[in-house]
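Inside the fold
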Amino acid sequence: MTSAESGQGGKSGQGDQGGQGGQGGNGPGEPDGGARPDLAELQRRLAEFARVRGWEPYHTPKNLATAIGVEAAELVEIFQWLTPDQSARVMDREGSAHRVRDEVADVLAYLLQFCEVLGVDPLMALSDKIDRNEKRFPVT
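In the annotation of an unreviewed UniProt entry, the entry for the protein chain reads Nucleotide pyrophosphohydrolase, and the organism field reads Streptomyces katsurahamanus.

Thoughts on the overall build of the protein chain
Helix and strand counts for the protein chain come out as five helices and zero strands. Buried positions account for 24% of the 140 residues belonging to the protein chain. A separation of at least 24 residues holds for 60% of the contacts in the protein chain among residues at least 6 apart in sequence. Roughly 9,200 Å² of accessible area belongs to the protein chain as shown, and the carbon and sulfur atoms make up 57% of that amount.

Description of the pattern of salt bridges
For the coordinates displayed, the defined rule picks out four salt bridges. Among the salt bridges present, the one from R89 reaches D85, with a minimum N-O distance of 2.1 Å. Looking at R89, the relative accessible area reads 40%, which means it is partly exposed. On the basis of relative accessibility, which here comes to 48%, the residue D85 falls in the partly exposed class. Where E94 meets R101, a salt bridge forms, and the shortest distance between an N and an O atom there is 2.6 Å.

Comments concerning a nonpolar patch on the surface
Nonpolar side chains collect at one region of the surface, where V117, L118 and V120 lie side by side and expose about 220 Å² of accessible area between them. Inspection of the secondary structure assignment puts V117 in helix α4 (residues 94-118).

A few points about helix α5 (residues 122-136)
Taking 1.5 Å as the rise per residue, α5 with 15 residues should run 21 Å; its terminal C-alpha atoms sit 21 Å apart, in good agreement. Here α5 starts with a cap whose side-chain oxygen sits 3.0 Å from the backbone nitrogen of L123, and that cap is D121.

Points about the packing of helix α2 (residues 61-79) against α4
Orientation of α2 relative to α4, taken along the N-to-C sense of each, is 165°, at an axis distance of 9 Å. One way to sum up the angle between α2 and α4 is to call them roughly antiparallel. The handedness of the crossing between α2 and α4 is left-handed. Of the residues in α4, those touching α2 at P61, L64, A65, A67, I68, E71, A72, E74, L75, I78 and F79 are R99, V100, E103, V104, D106, V107, Y110, L111, Q113, F114, V117 and L118. Each residue belonging to the contact of α2 with α4 can be placed in one class, and the counts come to 17 nonpolar, one polar and five charged.

Details of the confidence of the model for the protein chain
Within the protein chain, residue pLDDT values average 84, and 76% of them lie at 70 or more. Every residue in residues 1-29 scores below 50 in pLDDT, and together they form 66 contacts with partners more than four places removed in sequence or on other chains.

What to know about helix α1 (residues 39-53)
Counted at 1.5 Å a residue, the expected span for α1 with its 15 residues is 21 Å, and the 22 Å between its end C-alpha atoms agrees. Taken together, the buried positions of α1 are occupied by Q43, R45, L46, F49 and A50. Summarising the axial view, the buried residues of α1 lie within an arc of 160°, below the 170-degree limit, and thus occupy one face. Contacts made by the buried residues of α1 are with α4.

Considerations on the packing of aromatic side chains
Tallied over the entire structure, the rule returns one aromatic pair. When the ring of F49 is compared with that of W55, the centres are 5.7 Å apart and the planes differ by 75°; the resulting orientation is edge-to-face. On the basis of relative accessible area, W55 is assigned to the buried category, the value being 14%. Between the NZ or CZ atom of R53 and the centre of the ring of F49, over which it lies, the distance is 3.6 Å. One residue, R53, lies across the ring of W55, its end atom 5.8 Å from the ring centre.

Rules used in this analysis
Residues numbered from 1 in each chain as written. Predicted model: local features only at pLDDT ≥ 70, side-chain atom pairs only at ≥ 80, totals over all residues. Heavy atoms only, no water. Helix = DSSP H or I, 4+ residues; strand = E, 2+ residues; numbered from the N terminus. Buried < 20%, exposed > 50% of the residue type's maximum accessible area, 1.4 Å probe, protein only. Contact = heavy atoms within 4.5 Å. Areas by Shrake-Rupley, 256 points an atom, 1.4 Å probe, with all protein chains shown as cover. Salt bridge = Lys/Arg side-chain N within 4 Å of Asp/Glu carboxyl O. Patch = residues over 30% accessible without salt bridge, like charges linked within 9 Å, V, L, I, M, F, W, Y side chains within 5 Å. Expected span 1.5 Å × (residues − 1). Polar contact = N/O pair within 3.5 Å; in protein donor to acceptor, adjacent residues only side chain to side chain. Axes fitted to C-alpha atoms, helices over the stretch in contact; angles between N-to-C directions. Parallel < 35°, antiparallel > 145°, perpendicular 65-115°, else oblique. Left-handed = near helix turned anticlockwise from the far one by under 90°. Nonpolar A, V, L, I, M, F, W, Y, C, P; charged D, E, K, R; others polar. pLDDT = per-residue confidence, 0-100. Arc of directions from axis to C-beta. Phe/Tyr/Trp six-rings, centres within 6.5 Å; stacked < 30°, edge-to-face > 60°. Lys NZ or Arg CZ within 6 Å of the ring centre and 35° of its normal.

Dropping the structure here:
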């Protein structure tokens, strides 16, 4: 649940932001066929969403890192008591699929805001990490 959903005001800077237009339609769980937004555009929208509401003071690295953990736990909660087979089919039911998409959006929104605040390029960070892992765990 975002802080907006819990009634704690606009500390998250995301609210319903993730569900507005241009979600893409390029895979399972992506309901519309709109244009797929790029990472920079999503970061810009999130920053503007927070800026116009005066929520920027809450977007400290500590608060955003904490929010990532909270939202990731909410994603885990969906799967908590499911069997492995049930968890593999979670996207088959619209109710649970909707919850998964919402929590994925919340985690990603906070992660993108975190990266923006600290000046981390998330795609470069991931690429660099994959490079390091390929060296650490070579195919034998």
